[in-house]
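Here is how the chains run, residue by residue.
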Amino acid sequence: MKRLDFPGDFLWGTATASYQVEGAAYEGGRGESIWDIFSRKPGAVYAGENGNVACDQYHRYPEDIALMAELGFKSYRFSIAWPRIIPKGRGEVNPEGIAYYRRLCEELRKNGIHVCATIYHWDLPQPLEDEGGWTNRSVVDAFEEYVKVCYRELGDLVDMWITINEPFCVAYLGYYWGVHAPGHRDINKALAAAHHVNMAHGVAVKEYRKTGLKAPIGIVFNPHTPRPATVSEADKNAADLSRAFSTEIFMFPCLGKGYPESVLNKYQDVLPIKDGDLETIAQPIDFIGVNFYNETAEAADAKSPHGFTSRPSWQDTTVMNWPITPGGLERQLLWIAKISKGVFGRAEIPIYVTENGCACDDVVAANGRVHDKERISYLQQHLAACADAIKKGVPLKGYFVWSLMDNFEWAYGYTKRFGIIHINFATMKRTPKDSAYFLRDVIAGFGDN
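Residues numbered from 1 in each chain as written. Predicted model: local features only at pLDDT ≥ 70, side-chain atom pairs only at ≥ 80, totals over all residues. Heavy atoms only, no water.

A. Main features of the overall build of the protein. For the protein, the helix and strand inventory stands at 15 helices and 13 strands. Along the first, second and third principal axes, the C-alpha set of the protein runs to 60 × 55 × 45 Å. The buried share among the 449 residues of the protein stands at 61%. Accessible surface, the protein: about 17000 Å² in total, of which carbon and sulfur atoms supply 51%. Put simply, the protein has 48 plus and 55 minus side-chain charges, and the middle of one group is 2 Å from the middle of the other. (Helix = DSSP H or I, 4+ residues; strand = E, 2+ residues; numbered from the N terminus. Buried < 20%, exposed > 50% of the residue type's maximum accessible area, 1.4 Å probe, protein only. Areas by Shrake-Rupley, 256 points an atom, 1.4 Å probe, with all protein chains shown as cover. Lys, Arg positive; Asp, Glu negative; His and termini not counted. Charge placed at Lys NZ, Arg CZ, Asp CG, Glu CD.)

Structure representation (structure tokens):
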């Protein structure tokens, strides 16, 4: 096996999201989010499941943090639930919500674990969605109000801030394809949401710089950087178009490059851009977060509304039916390092893999263990890609496995297990899988055994 060599200061972390793990949906003064409402929509979520209890981390966080420490993780990336901080999206702040996150952060620090807080991971307060959600420009003002509270109340305990997780999913899965909350299917709404999410990120960074806090702040993308299906110019152009529509529309404005020309050529009249917006979005950030699961092959398709379509892949797939493409991660990291070089007057911007992992059909064996060999193989291959990228000059500074534990996998309910810790959802028993011990050894410098 190839040795997994990483720098001594490489940040090893694990990640979750509030609605997927916290539970306590109607405790502690929390308001309703779009996922609480979407989960009640018939057919929206597998078997009508929801995050009301999830992994019950709201009550069990000390146990989860003890497991992280035992496994050697140095950082925990969690998300703050907006409805738990400001239940109606604007106005009255909920002291119980703030107290919960302070307890969580303090417990992490007590265990020597770096606190990485994501401000928005998809659980928009429902009252804001009732006003149009991310399609309504006023949501940016509400977000500004929310982030100010987060900085003021939690800033002394947070070591790393992430403004927004995966703008692509917020805009497209929620407002274009309708498979995530709030479930709309309208390209115009999706593009309006895309611009307003970009604006919210910029406003969040702008407000952060006023606080005097010193922890780094950045944003997390799930970049779609496909390869062309063939060497034809048509397919090369198709891959470029796909990347522009899926990735550059979010990443480029945040890096001060504006919207890609191919997107403006088609959608300039739809994107609700006002004077000064691009300057607001392009606030200097301290790092770029990358969530990677797979790479696709794209081909030209005149019948597609966007001019491209994904072609079948030959690789083995996970239980999500996603091809396993570790080479795609290395290609993506090299591309991001290239396009971010020199941005904001900096020689390079640090990059973190903020999510990477796979869903497997995990079962607890008779001996009480979970032997998830497929996940270990997946992680080995992707960590090797990370190590190779570093050797090629990519400023990759850390890796967060997705996920700490099996959880509510959005529209799939509890049917897909991404965790390195198995959760028995009937008893809430936590069982570290073999992959957890594999990562423990990698972190300790023995990933080649």
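From this point on, the discussion continues.
B. Broad picture of unusual backbone geometry. Residue P182 is bonded to the preceding A181 through a cis peptide linkage, with omega at 5°. With respect to the helices and strands, P182 occurs in the loop between α8 (167–175) and α9 (187–211). The residue after W402, namely S403, is reached through a cis peptide bond having omega 5°. Relative to the helices and strands, S403 is located in the loop between β11 (396–402) and β12 (421–423). A positive phi angle, near 55°, is found at A47, a position not held by glycine. One can find A47 in the loop between α2 (34–38) and α3 (57–71). Although it is not a glycine, M428 adopts a positive phi angle of roughly 70°. Looking at the element boundaries, M428 is found in the loop between β12 and β13 (430–432). Judged by its relative accessible area of 9%, M428 falls in the buried class.

C. Spatial organisation of α9. Here α9 spans 37 Å end to end across 25 residues, near enough to the 36 Å set by a 1.5 Å rise per residue. With respect to burial, α9 is a largely interior element, 18 of its 25 residues being buried. For α9, the N-terminal capping position is held by D186, with its side-chain oxygen 2.8 Å away from the main-chain nitrogen of N188. Immediately beyond the C-terminal end of α9, within one or two residues, lies G212, with a positive phi of roughly 85°. (Expected span 1.5 Å × (residues − 1). Polar contact = N/O pair within 3.5 Å; in protein donor to acceptor, adjacent residues only side chain to side chain.)

D. Just the sheet that holds β11, in detail. The parallel closed barrel is built from eight strands, whose spatial order is β1-β2-β3-β4-β5-β7-β10-β11. Strand after strand, the sheet turns through a mean of 25° between neighbouring axes, direction not considered. Here four bridges tie strand β5 (residues 217–221) to strand β7 (residues 287–292), and the two strands are oriented parallel to one another. Of the residues in β7, the one forming a bridge with I219 is I288. Against the sheet, helix α14 (residues 373–391) contacts β1 (11–15), β7, β10 (351–356) and β11, and its axis sits at roughly 170° relative to β11. (Pairing = 2+ DSSP bridges. Axes fitted to C-alpha atoms, helices over the stretch in contact; angles between N-to-C directions. Contact = heavy atoms within 4.5 Å.)

E. The arrangement of the environment of K341 in detail. Structurally, K341 can be placed in the loop between α13 (326–340) and β10. Residue classification places K341 among the exposed residues on the basis of a relative accessible area of 58%. Along the chain, K341 and C358 lie 17 residues apart, while their C-alpha atoms are 30 Å from each other. Residues contacting K341, with those up to four places away along its chain left out, are R346 and A347.

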